[in-house]
Amino acid sequence: MGVQEILEKLKTRFEGVTFELVEGKVDPFIKVPAKNVAEVASFLKEEEALAFDSLMCLSGVDSPPNTMAVVYHLFSLKHRHKLVLKVETPRDHPSVPTVEQVWRTANWHEREAYDMFGIQFENHSDLRRILCPDDWEGYPLRKDYKTQEFYHGIRVEVAEPPDPLYQAKQKPKVEKAAKPATSAAPKAAKPGTTASPQAAKPDGKTE
Amino acid sequence: MESIEKSFRDNILVTRVDYFINWARLSSLWPMLFGLACCAIEMMATGACRYDLDRFGAGAFRGTPRQSDLMIVAGTVTIKMSSRLKLLYEQMPEPKYVISMGSCATSGGPYWQHGYHVLKGVDLVVPVDVYVPGCPPRPESLIEGILKLQEKIRKDRLLAQAIA
């Protein structure tokens, strides 16, 4: 069943809701308003002709300056068709209803979206960080994320500045420049060496 | 008292005993299973038949830190894991050694620049004896790391330190 037919079914079922079909990308997706996500999700699962019983993936998207989005990839094992939904939410207080009651796997997927982007999922049973430690500061996959300097006394980023050899390999910043792949050359010593360039780094840093 | 202490310090008897103790210790380094990521596969390959670690005495990988005296940190250490790593290191009995295997354990590896949750080098939490670079290091590299550690143990003066 193609995206158009699914869109027709959704439109007949939910009369007051504005769905928007966006084509021309890799997967054409349907934009759903945030407040209707839970009922649209349960309709998509329960309806016989659609039967989307598998949530393949739930991802967060950060689109500065104004919106954040949650993308759902659905699949039907019965009818073998796929669907992509996108829900947009404002960036300063991102909040989306949970689909955990419809697909159980959304429990961890939404925890990951919360951990990485800070998107609050309403009525989630256990919304806490899943990848980072519970007392981590910030939401790492946001575009404006700055790593914290210390975590429990351990320095999070590399302490020493890049050495001259690394600086010489840096090209001037073009719009889509890739980061240079090599790290500092002195670290690639002969195997099994006991002397280390890191010996200068004091290692009594933990509590 | 002085003369008794002097007789135990750095004489032929103590050095021979030290030699034998060190020889016994370096020929039976039991590593603790601490494979975290891809370097663990190379560590398993080193312990397997072709690059046999057991011929160096280091083939008995123990599951518990209480029975091991070598911790081969093989793989990327995340910051969440680093507190557990420190705990397990403290549970190992003395004398204990740490080999940092691979570039992730040495200095954060390919994640040194953008990895916000990667520990940039395991020597930020535990003291390391031998660093084995590579991504992953070949089994021969790891074996050379263990041999270098054996050289280090050969020079240890445990008995003389204990008495003096």
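Residues numbered from 1 in each chain as written. Chains lettered and ligands numbered in written order. Predicted model: local features only at pLDDT ≥ 70, side-chain atom pairs only at ≥ 80, totals over all residues.

Trainee: What should I look at first to understand the overall build of chain B in this one?
Mentor: When its secondary structure is counted, chain B shows seven helices and four strands. Starting at the N terminus and ending at the C terminus, chain B contains elements arranged as α-α-β-α-β-α-β-α-β-α-α. Along the first, second and third principal axes, the C-alpha set of chain B runs to 60 × 35 × 25 Å. Considering chain B as a whole, with its 164 residues, one finds that 40% of them fall into the buried category. (Helix = DSSP H or I, 4+ residues; strand = E, 2+ residues; numbered from the N terminus. Buried ≥ 20, exposed ≤ 12 C-beta atoms within 10 Å, placed from the backbone.)

Trainee: Quick question: what am I supposed to make of the sheet that holds strand E2 (residues 29-32) of chain A here?
Mentor: Two strands in a sheet stick together by hydrogen bonds in their backbones, pointing the same way (parallel) or opposite ways (antiparallel). All names here are of chain A. In spatial order, the strands read E1-E2-E5-E4-E3; together these five strands make up an open sheet with mixed pairing. Of all the strands in the sheet, the pair left with one neighbour each is strand E1 (20-22) and strand E3 (54-63). The average angle at which neighbouring strand axes cross in this sheet is 25°, direction not considered. Sheet analysis places E2 next to strand E5 (residues 82-90), joined by three bridges and oriented parallel. Paired with isoleucine 30 across the two strands is leucine 85, which belongs to E5. Helix-sheet contacts for helix H3 (residues 106-117) involve E3 and strand E4 (67-75), and the interaxial angle to E3 is about 10°. (Pairing = 2+ DSSP bridges. Axes fitted to C-alpha atoms, helices over the stretch in contact; angles between N-to-C directions. Contact = placed C-beta atoms within 7 Å.)

Trainee: Honestly, the sheet that holds strand E2 (residues 70-74) of chain B in this entry has me stumped. Any pointers?
Mentor: Residue and element names in this part refer to chain B. Read across the open sheet, the four strands follow the order E1-E2-E3-E4; overall the sheet is parallel. Edge positions in the sheet fall to strand E1 (31-32) and strand E4 (130-132), since each has one partner strand and no second. Helix H3 (residues 38-47) rests against E2 and strand E3 (97-101) of the sheet, and its axis sits at about 130° to E2. Running at roughly 170° to E4, helix H6 (residues 139-154) makes contact with E3 and E4 of the sheet.

Trainee: What is the right way to read helix H2 (residues 37-46) of chain A from this model?
Mentor: Each α-helix winds once per 3.6 residues, and so residues spaced three or four apart point in a common direction. Residues and elements named next belong to chain A. Along H2, the residues that are buried comprise Val37, Val40, Ala41 and Leu44. Axial view of H2: buried residues confined to an arc of 100°, hence all on one face. Close packing links the buried residues of H2 with helix H1 (3-13), E2, E4, E5 and strand E6 (95-97). (Arc of directions from axis to C-beta.)

Trainee: I keep staring at the pairing of E2(B) and nothing clicks. Help me out?
Mentor: Residues in a regular strand project their side chains so that they alternate between the two faces of the sheet. All names here are of chain B. Burial within E2 is extensive, with five of its five residues counted as buried. By the alternation rule, side chains of E2 split into Leu70, Ile72 and Ala74 and Met71 and Val73, which are all buried. In this structure, E1 lies alongside E2, joined through two bridges in parallel fashion. Residue methionine 32 lies in a different strand from E2, and its bridge partner there is methionine 71. In this sheet, E3 lies alongside E2 in parallel orientation, the contact comprising five bridges. Its bridge partner lying in E3, leucine 70 is registered against tyrosine 97. For the segment spanning E2, helix H4 (residues 79-91) and E3, crossover handedness is right-handed. (Right-handed = clockwise from strand over helix to strand, strands pointing away.)

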